[in-house]
Structure formats: structure tokens, C-alpha cells
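Next come the chains, spelled out residue by residue.
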Amino acid sequence: MTSDANTTPQIDGFHLVIEALKLNGIDTVYGLPGIPITDLSRKMQAEGVRFVAFRHEQSAGNAAAAAGFLTQKPGICLTVSAPGFLNGLTALANATTNCFPMILISGSSEREIVDLQQGDYEEMDQLAIARPLCKAAFRVLHAADIGVGIARSIRSAVSGRPGGVYLDLPAKLFSQSIDAAAGQRSLIKVVDAAPKQLPAPEAVQRALDLLKGARRPLIVLGKGAAYAQADDAIRTLIEKTGIPYLPMSMAKGLLPDTHGQSASATRSFVLAEADVVLLIGARLNWLLSHGKGKTWGGANASSRQFIQIDISPTEADSNVPIAAPLIGDIGSCVSALLDGLGEHWATAPAEWTGAIAERKDKNLSKMAELLAKNPQVMNFHSALRVIRDVVKANPEAIVVNEGANTLDFARSIVDMYRPRKRLDVGTWGIMGIGMGFAVAAAITTGKPVIAIEGDSAFGFSGMEVETLCRYDLPVCVVVFNNNGVYKGTDVNPRGDDMAPTQFVKSARYDKMMEAFGGVGFNAATPAELDAALQAALASGRPTLINAVIDESAGTESGRITSLYPQHAAARKH
Ligand code: ADP
Ligand code: TPW
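Residues numbered from 1 in each chain as written. Chains lettered and ligands numbered in written order. Predicted model: local features only at pLDDT ≥ 70, side-chain atom pairs only at ≥ 80, totals over all residues. Heavy atoms only, no water.

### Points about the site of ligand 1
Condition: One heavy atom within 4 Å of a molecule or strand makes the whole residue count as near it. Distance and chemistry together define a polar contact, namely a pair of N or O atoms within 3.5 Å, with one atom able to donate a hydrogen and the other to accept it when in protein, and with adjacent residues in sequence counting only for side-chain atoms on both sides. Per-residue and other accessible areas were derived by the Shrake-Rupley procedure at a 1.4 Å probe size, with only the shown protein chains allowed to occlude residues. Counting from the N terminus, the helices are the DSSP runs of H or I reaching at least four residues and the strands are the DSSP runs of E reaching at least two. In this classification, Asp, Glu, Lys and Arg are treated as charged, Ala, Val, Leu, Ile, Met, Phe, Trp, Tyr, Cys and Pro as nonpolar, and every other residue, Gly included, as polar.
Neighbouring residues of ligand 1: 20 residues in total, closest Arg161, Lys223, Arg283, Asp310 and Ile330. A distance of 2.8 Å is found between an oxygen atom of ligand 1 and a side-chain nitrogen or oxygen belonging to Arg161. For ligand 1, the accessible surface in isolation is 580 Å², of which the surrounding protein chains cover 96%. It is helix H11 (residues 223-227) that provides the largest number of residues to the shell around ligand 1, a total of 3 residues. The residue makeup of the shell around ligand 1, split by class, is 9 nonpolar, 6 polar and 5 charged.

If you want it as C-alpha cells, here you go:
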């Protein structure tokens, strides 16, 4: 705010943006400075908003998205114009795809020049480019509209189905000044940004009727259920009904993975056999084989009935008919189901739960045998056994996970015990979320983070180890180093160049962390990996463990090899 003897107090665009964010409880911004937002980042800091600076905007955007998922407040990413904006845009689109609330705020160049394509510095029509990739996109041209712009962005990000919002702030806006009192009045404190949405009573009854008649019921929990923070209601529903459940990967830990009703260890059996499936915050997209086909029992699939709890009314029937859509927020919908269960609800038939238990026991002991092996060079199983035990002993730790085999094996081997402790590649299976998610997890929760990273996956955001060191975050990165994308054994058949999936052999990723003052370990055995992890958790220092993994372990693309075009899938690896 500025004033002198002859003028009324003024407030500029910089401060209106900052005040509008603060008024709405936003205390942290993830970004990367440059024209025209460097001063904005400095002024934010001066006004008590934490500015966490990254080495690449995509990581800043990923951090904002993870913060949004973890806190239900939109995570804010701040970037410069054109290239910075585009770097952040991947994270914005990914957040939208995953239903995480975030706002990408980018500075932009002079409208008059951009719109006439006269070649401005970093010229780009950012608003038009962002619009199809996010839930909503806004531009503010007048300082007096900053309050409205931020309020609309917040509401759009968190209400209904959460998602990404783009807010375009042209350079000229920041230096515009308006009367300070009028400026303050122009700011909006958003009331009830994500209003509860109650399901209709007849929709609740329809769902209950279907559930009551089920002989082989199943509940599928998705990351929407984790996001909703309706943990107690969900657990009560599952335990009161005795229905077996499957957590999607980021719903792991909503109930402890060791819970007796978890059917994860016999996933293919329950998906193929269940007659009534209650989806809670999970879409029937590719991750659930679109609700049909072999995964869902082939011929059985047509007789299966779905109940779907979702906040988005248009999600139902996206892939298969939904017999009982239950539209509303998960907390309200699950509570309504609980109210309707009454005193005498019959729990899931013993024939069904017994068949599941039997298969589960068998599969778990097979897995235990695999995990007990100690091959000469570590493989995914022997290394993940160590991480599984460390997470069990430290259930408050947040696991970030990306890669192909490293992702698939970690998802099935590392049990989670508490809600929202697992962040991963999500709906797209995107590489590059690792360090951004890890930074946000550490900053928003103050808890230790273990990032389980394929060596290729790590490379997408690896430079952010400097960010981990700069902010001295309690993040332990474990790089599963098998010398390449998926595996390290490919050779170029012509022999005159590197194969596309090959990396430098026996690289020492731990040295990258040491370069910035963090702690590095090289772990070639489970005992060394365990010691390194224990040291990292005890010290709380940024640590990178280079875990040496057999380069021939794993498969191409992990469990999704079948998605390759046919001729590639037929190749033997
Ligand atoms: P997963 O990948 O874990 O299966 P998805 O991302 O496919 O999960 O599905 C999440 C679903 O949760 C989305 O359809 C989204 O609309 C829904 N959702 C998110 N938050 C809520 C909420 N608070 N209440 C109801 N549904 C929600
Ligand atoms: C943005 C394609 C999927 S998984 C993966 C790539 C490149 C890396 C697998 O190797 P990694 O893991 O991490 O060493 P592992 O455990 O099998 O050894 N670009 C983007 N996203 C995706 N998904 C890809 C490429 C891909």
C-alpha cells in the first residue's frame, strides 16, 4: 500500500493478489520466478505467504496439485509467461484429469501486442491454450477485479468435481493502483467454497435396495474417496456391512491394507465374481477395465449391477449402465447409506467372504514366499520388502511412487495404514510427479516422505533434489536403479547406438543429492537399503538412496504391457 500527503492511500495489483489469496487462507505458493512475476513472489514472501521455488515449473505445478489433494484447498502454482506457463500446464491438465484442485497463475505479456501477434516478449494467448485443458480459465484486466478473479478460481477448483483452474494475470495488472479502501472492499472471502451436495432420498433407497439383494457385493474405493476426507464414515460402512473392498492405488490406507475385508490380494477374483459393486469416488476408466470384459468376468459382466457414488452427475453411464447412481459428496452419500442400513442389516454372505478369504490366504502366502527370497542382486521384491517393513513401522510417512515396475510392485507390496499417505502417477500414469509431490507432501503435512522412484521416472524431476536440499525437507528418495526405462538390458540391434530404453550403467544417483548437501547412500543389499532408510527417517534430512536393482528384473511397462499396439506386445522381454 502506498500513499503520500496529497493522495489517498493506494493499493497495487501485486498486493491485491496477495491479499486476496491470504483472505482465502492460502499460505503457500509453489512456483518459479521471472518476468513478470519475480516481484510478486518477493512481495508474497514479505507479506507472509510462503513461496516455494522450484527448478522447473512442472514440478511446482505437481506440488500445487498434490497440496490440493492433501488439503482440499486449491494448490497454487505461479509461473512466468509462455514457456513457464506451458511447463506448468502439464501439471494443470494432470490435476484436472485426477480431480485435484489447483490454480495455475501465470503472468502474461501485453494483450494489445499478443492479440495482434506483433511479437511481444514471450508472446502467447495463454488463456485460449489453457481453456480446453482445465476446468475453468479466467483473465483479470483490472485491478478492481482481482478479488473476483481469485474467488471464481477458488470456487471453480474445489466445488463439485475438483480440478485445475487457469488464472491469467497480464503484466500490466500488477502495477495498476486503485484506492486502497475500494481495493480492500473488492476482495472476496469465499464462503462455503465446496458446498455439501446431499443425495436425493430416492437415490439412496435405490442404492440400498440393490445392496440388500446382493449375494456377492463389493466396494471399490477410489482416490475421490481419499480426497473427500470422509474416512470414519467409509470405514463404518465397510465394517457394518461386512462387504469386501478394493482400494484403488491412492485409496490405499483409507482402511489399513491389512484389514480383514480388503480383497486386494484376490483382485481378479472379486472383480470377475461380484454381482453388485458400489463405487465410491472411482471412475470406471481404463484402470478398472471400463467396467466390462474379461476383468469383470466376461459373460458375467452383463448381469452385474453398479452403484456409483460421485459428485459429478455425468460420470454415471460413462462406460456401462449404472443401476443406482448416487450423486453427491462422498461424506453425505456414505452417511445417508449408513443411516439407511438400520439395525438389522445382514452382513455380506459368508459363502462369498469365505471364498475370498481362502483365495486371499493362498495368494498372500505365495507373495510371502516371493518376498522372502534374497537374490544375489536385489530385485523389485527384495528391495520393496524392506520398504514395506519400514512403512509399517512408520505409518505416518507419505509414500510417493512412480515408474513402471517400481510402481506396480510397490503398489501391491507396500501396505499403507492411514488415509492419503500414497501419492502416485494417477489416472494418466504420468512420469515426473515424483519430486513435486514429495515437496508438497513434506510441506503440507510436516511428515516424512519416502519417494519410491524408477530410475527413468526419477529423471523427469530429478533436478528438484536441489529444492529438497534448499528447503531441507524430510524426503528420502529411493531410486530403483536398473539401468534403464523398464529394464536395462536392451541393446540396439545395429550395435552402433544406444537402445532407446538404455541408461548409463551403474550410475550413482546418490551423488546428485550429495552435490547439494543432502545425504547419499548406495544400497546393493536389503540390509544396506534398510540401514539407509532408517538413517534417513531418523535424521529427517533430504536423502537419496541409489538402490541397485537387477537390470533384467521386471517387464516392459510393468503390468500394462497389453496396452501396446499388438506387434510390440508380442515381443518377448
Ligand atoms: P481412481 O483413479 O482412484 O479410481 P478416479 O480419479 O477415477 O479414482 O475417480 C475419482 C472420482 O471421485 C471422480 O469421478 C470425482 O468426480 C469423484 N470425487 C472427487 N471428490 C469427490 C467428493 N468429495 N465427493 C464425491 N465424489 C468425488
Ligand atoms: C510423461 C512412459 C511409463 S513408465 C516409464 C515411462 C518412460 C518409465 C519406466 O521406467 P522406470 O521404472 O521409471 O525406470 P521401472 O520400475 O520399470 O524400471 N512420459 C511421461 N509419462 C509416461 N508414462 C511415459 C513417458 C513411461
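### Overview of the nonpolar core
Put simply, the rule is: For the purposes of this section, nonpolar cores are sets of buried Ala, Val, Leu, Ile, Met, Phe, Trp, Tyr and Cys residues that join through side-chain atoms within 4.5 Å. Relative accessibility decides the category of a residue: with a 1.4 Å probe and only protein chains considered, values under 20% of the type maximum give buried, values over 50% give exposed, and everything between is partly exposed. In what follows, residue pairs with any heavy atoms lying within 4.5 Å of each other are defined as contacts.
Core analysis: the largest hydrophobic core is formed by 134 residues, its most contacted members being Tyr30, Leu221, Ile234, Ile280 and Leu423. When neighbours within four sequence positions are excluded, Ile280 is seen to be in contact with Ile219, Val220, Leu221, Gly222, Ala225, Leu237, Ile309, Ile330 and Val334. If you look at the next biggest cluster of nonpolar residues, it comprises 30 residues, including Val399, Phe409, Val414 and Met416.

### Considering the sheet that holds strand E10 (residues 245-247)
We apply this condition: Any two strands with at least two DSSP-identified bridges between them are counted as paired. Note on geometry: axes are lines fitted to C-alpha atoms, helical ones only across the stretch in contact, with angles between N-to-C directions running from 0 to 180 degrees.
In space, the 5 strands of this open sheet follow the order E10-E9-E11-E12-E13, with parallel pairing throughout. Strands with a single pairing partner mark the edges of an open sheet, and in this sheet they are E10 and strand E13 (324-327). Averaged over neighbouring strand pairs, the angle between their axes works out to 15° when direction is ignored. Here 5 bridges tie strand E9 (residues 217-221) to strand E11 (residues 276-280), and the two strands are oriented parallel to one another. Paired with Pro217 across the strands is Val276, a residue of E11. Relative to the sheet, helix H12 (residues 231-241) contacts E9, E10 and E11, its axis offset from that of E9 by approximately 165°.

### Examining the packing of aromatic side chains
Note the following rule: Stacked, tilted and edge-to-face are the three classes applied to pairs of Phe, Tyr and Trp rings, where Trp contributes its six-membered ring and a pair requires centres within 6.5 Å; stacked means planes under 30 degrees apart, edge-to-face means over 60, and tilted covers the rest. Both a distance and an angle decide whether a charge sits over a ring: NZ of Lys or CZ of Arg must be within 6 Å of the ring centre and within 35 degrees of the ring normal.
Scanning the entire structure with this criterion turns up 10 aromatic pairs. Sitting above the plane of the Phe14 ring, Lys43 keeps its charged end 5.0 Å from the centroid. For the cation-ring pair, Arg359 lies above Phe269, with the distance from its terminal atom to the ring centre recorded as 3.9 Å.

### Some details on the environment of Lys22
Along the chain, Lys22 falls in helix H1 (residues 13-23). Along the sequence, Lys22 and Lys189 sit 167 residues apart, while their C-alpha atoms lie 9.3 Å from each other. Lys22 has contacts with Glu47 and Val49, leaving out every residue within four places of it along the chain. Here the side chain of Lys22 touches Glu47 through a polar contact of 2.7 Å, landing on its backbone oxygen.

### A closer look at the environment of Thr71
Along the chain, Thr71 falls in helix H3 (residues 57-71). For Thr71, a relative accessible area of 33% puts it in the partly exposed group. C-alpha of Thr71 to C-alpha of Arg216: the two residues are 145 residues apart in sequence and 35 Å apart in space. Not counting residues within four places of it along the chain, the set of residues in contact with Thr71 comprises Gln229 and Thr444. One polar contact links the side chain of Thr71 to the main-chain carbonyl oxygen of Ala67, over a distance of 2.7 Å.

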